[in-house]
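Spelled out from the first residue to the last, the chains are:
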Amino acid sequence: MTNISIYHNPECSKSRAALALLEKNDVSPEIIYYLETPPSIEDLKSLLGKLGLQLQDIIRSSEDDYDELGLDDETLSEEIVLDLLQKHPHLLQRPIVIKGDKAIIARPPEAVLGMIENGKGE
(Lines give C-alpha, C1' and ligand atoms only; values in the text may rest on other atoms or scores of the structure.)
Protein backbone atom coordinates (compact mmCIF):
# COMPACT_ATOMS: atom_id res chain seq x y z
CA MET A 1 0.00 0.00 0.00
CA THR A 2 1.37 3.37 -0.99
CA ASN A 3 1.12 6.59 0.92
CA ILE A 4 1.78 8.79 -2.09
CA SER A 5 -1.06 10.52 -3.92
CA ILE A 6 -0.98 12.67 -7.03
CA TYR A 7 -3.49 15.31 -8.07
CA HIS A 8 -3.36 14.38 -11.72
CA ASN A 9 -4.57 15.91 -14.97
CA PRO A 10 -3.89 13.45 -17.79
CA GLU A 11 -4.02 16.32 -20.31
CA CYS A 12 -1.04 18.03 -18.65
CA SER A 13 2.42 17.00 -19.84
CA LYS A 14 4.03 17.85 -16.47
CA SER A 15 1.44 15.76 -14.66
CA ARG A 16 1.96 12.82 -17.01
CA ALA A 17 5.74 13.11 -16.61
CA ALA A 18 5.52 13.18 -12.80
CA LEU A 19 3.26 10.12 -12.77
CA ALA A 20 5.60 8.31 -15.17
CA LEU A 21 8.58 9.06 -12.91
CA LEU A 22 6.74 7.68 -9.90
CA GLU A 23 5.79 4.53 -11.76
CA LYS A 24 9.30 4.14 -13.19
CA ASN A 25 10.54 4.12 -9.60
CA ASP A 26 8.10 1.36 -8.57
CA VAL A 27 5.65 3.71 -6.86
CA SER A 28 1.96 3.17 -7.54
CA PRO A 29 0.40 6.37 -6.23
CA GLU A 30 -3.24 6.95 -5.52
CA ILE A 31 -4.30 8.98 -8.55
CA ILE A 32 -6.71 11.79 -7.79
CA TYR A 33 -8.44 13.01 -10.94
CA TYR A 34 -9.19 16.38 -9.40
CA LEU A 35 -10.96 17.74 -12.48
CA GLU A 36 -13.54 14.95 -12.20
CA THR A 37 -13.73 15.02 -8.41
CA PRO A 38 -12.72 18.50 -7.23
CA PRO A 39 -11.13 18.76 -3.81
CA SER A 40 -13.32 20.13 -1.04
CA ILE A 41 -12.48 23.41 0.64
CA GLU A 42 -11.17 21.40 3.59
CA ASP A 43 -8.99 19.35 1.23
CA LEU A 44 -7.62 22.56 -0.28
CA LYS A 45 -6.81 23.93 3.18
CA SER A 46 -5.07 20.67 4.05
CA LEU A 47 -3.08 20.83 0.80
CA LEU A 48 -1.97 24.36 1.61
CA GLY A 49 -0.67 23.20 4.99
CA LYS A 50 1.16 20.25 3.47
CA LEU A 51 2.63 22.41 0.72
CA GLY A 52 3.61 25.20 3.10
CA LEU A 53 2.44 27.72 0.49
CA GLN A 54 0.11 30.68 0.30
CA LEU A 55 -3.21 30.29 -1.47
CA GLN A 56 -2.16 32.35 -4.50
CA ASP A 57 0.83 30.02 -4.96
CA ILE A 58 -1.41 27.07 -5.87
CA ILE A 59 -3.52 28.95 -8.42
CA ARG A 60 -2.73 28.95 -12.13
CA SER A 61 -2.80 32.67 -12.85
CA SER A 62 -2.19 32.05 -16.55
CA GLU A 63 -5.70 30.63 -17.05
CA ASP A 64 -8.33 32.93 -18.59
CA ASP A 65 -10.69 32.24 -15.68
CA TYR A 66 -8.17 33.72 -13.26
CA ASP A 67 -8.85 37.23 -14.53
CA GLU A 68 -12.50 36.62 -15.36
CA LEU A 69 -13.17 35.49 -11.77
CA GLY A 70 -11.23 38.40 -10.33
CA LEU A 71 -8.74 36.18 -8.54
CA ASP A 72 -6.10 38.88 -8.86
CA ASP A 73 -8.15 41.01 -6.41
CA GLU A 74 -6.09 41.01 -3.21
CA THR A 75 -9.15 42.07 -1.19
CA LEU A 76 -10.92 38.73 -1.78
CA SER A 77 -11.15 36.69 1.39
CA GLU A 78 -9.46 33.30 1.59
CA GLU A 79 -12.86 31.64 1.86
CA ILE A 80 -14.05 33.24 -1.40
CA VAL A 81 -10.86 32.25 -3.22
CA LEU A 82 -11.06 28.68 -1.87
CA ASP A 83 -14.69 28.48 -2.97
CA LEU A 84 -13.78 29.67 -6.47
CA LEU A 85 -10.86 27.24 -6.67
CA GLN A 86 -13.11 24.38 -5.55
CA LYS A 87 -15.66 25.29 -8.23
CA HIS A 88 -12.97 25.76 -10.90
CA PRO A 89 -10.43 22.99 -10.19
CA HIS A 90 -8.61 23.54 -13.50
CA LEU A 91 -7.13 26.63 -11.80
CA LEU A 92 -5.24 24.41 -9.35
CA GLN A 93 -1.50 24.07 -9.98
CA ARG A 94 -0.52 20.61 -11.10
CA PRO A 95 0.67 18.09 -10.47
CA ILE A 96 0.54 18.05 -6.70
CA VAL A 97 2.17 15.04 -5.07
CA ILE A 98 1.43 14.20 -1.45
CA LYS A 99 3.32 11.93 0.90
CA GLY A 100 2.13 11.90 4.49
CA ASP A 101 2.05 15.42 5.86
CA LYS A 102 4.18 16.86 3.04
CA ALA A 103 3.29 17.84 -0.51
CA ILE A 104 4.97 19.45 -3.49
CA ILE A 105 3.95 20.99 -6.77
CA ALA A 106 5.97 18.75 -9.07
CA ARG A 107 7.32 21.41 -11.40
CA PRO A 108 9.67 20.25 -12.67
CA PRO A 109 8.35 16.68 -12.61
CA GLU A 110 11.72 15.44 -11.32
CA ALA A 111 10.83 17.03 -7.98
CA VAL A 112 8.87 13.84 -7.21
CA LEU A 113 12.15 11.97 -6.88
CA GLY A 114 12.81 13.73 -3.57
CA MET A 115 9.47 12.44 -2.28
CA ILE A 116 10.39 8.82 -2.94
CA GLU A 117 14.07 8.67 -1.98
CA ASN A 118 13.30 7.02 1.34
CA GLY A 119 11.56 3.71 0.85
CA LYS A 120 10.00 4.09 -2.61
CA GLY A 121 7.02 5.90 -1.16
CA GLU A 122 6.02 3.15 1.21
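Residues numbered from 1 in each chain as written. Predicted model: local features only at pLDDT ≥ 70, side-chain atom pairs only at ≥ 80, totals over all residues. Heavy atoms only, no water.

Points about the side chain of Ser15
Worth spelling out the cut-off: Labels follow the DSSP assignment, with helices taken as runs of H or I lasting at least four residues and strands as runs of E lasting at least two, numbered in each case from the N terminus. Only protein chains enter the calculation, and the probe is 1.4 Å; a residue is then buried if its accessible area is under 20% of its type maximum, exposed if over 50%, and partly exposed in between. Contact definition: two residues touch when any of their heavy atoms are within 4.5 Å.
Mapping Ser15 onto the fold places it in helix α1 (residues 13-24). In this structure Ser15 comes out as buried when scored by relative accessible area, which is 0%. With residues near it in sequence (within four places) discarded, Ser15 still touches Ile6, Tyr7, His8, Asn9 and Pro95.

Points about the pattern of salt bridges
Our working definition: The salt bridge criterion pairs a side-chain nitrogen of Lys or Arg with a carboxyl oxygen of Asp or Glu, the two atoms within 4 Å.
Taken as a whole, this structure holds 4 salt bridges when the rule is applied. The salt bridge partner of Lys45 is Glu42, with a shortest N-O separation of 3.8 Å. Remark: Glu42 and Lys45 occur in helix α2 (residues 41-51); sequence separation between them is 3 residues, near one turn of the helix. We classify Lys45 as partly exposed; its relative accessible area is 31%. Exposure remark for Glu42: the relative accessible area of 54% places this residue in the exposed category. Through salt bridges with shared partners, a single ionic network connects Glu42, Lys45 and Glu79.

Observations concerning the nonpolar core
We count it as follows: What is meant by a nonpolar core is a set of buried Ala, Val, Leu, Ile, Met, Phe, Trp, Tyr and Cys residues, joined one to another through side-chain atoms within 4.5 Å.
With 22 residues, the main nonpolar core has Tyr7, Leu55, Ile58, Ile59, Leu85, Leu92 and Ile96 as its most contacted residues. For this core, the secondary-structure elements that each account for two or more residues are α2, α4 (78-87), β3 (96-99) and β4 (102-105). Not counting chain neighbours up to four residues away, the residues in contact with Leu85 comprise Leu44, Leu55, Ile58, Ile59, Leu91 and Leu92. The next biggest cluster of nonpolar side chains, apart from the first, holds 12 residues, and it includes Ile4, Ala18, Val27 and Val97.

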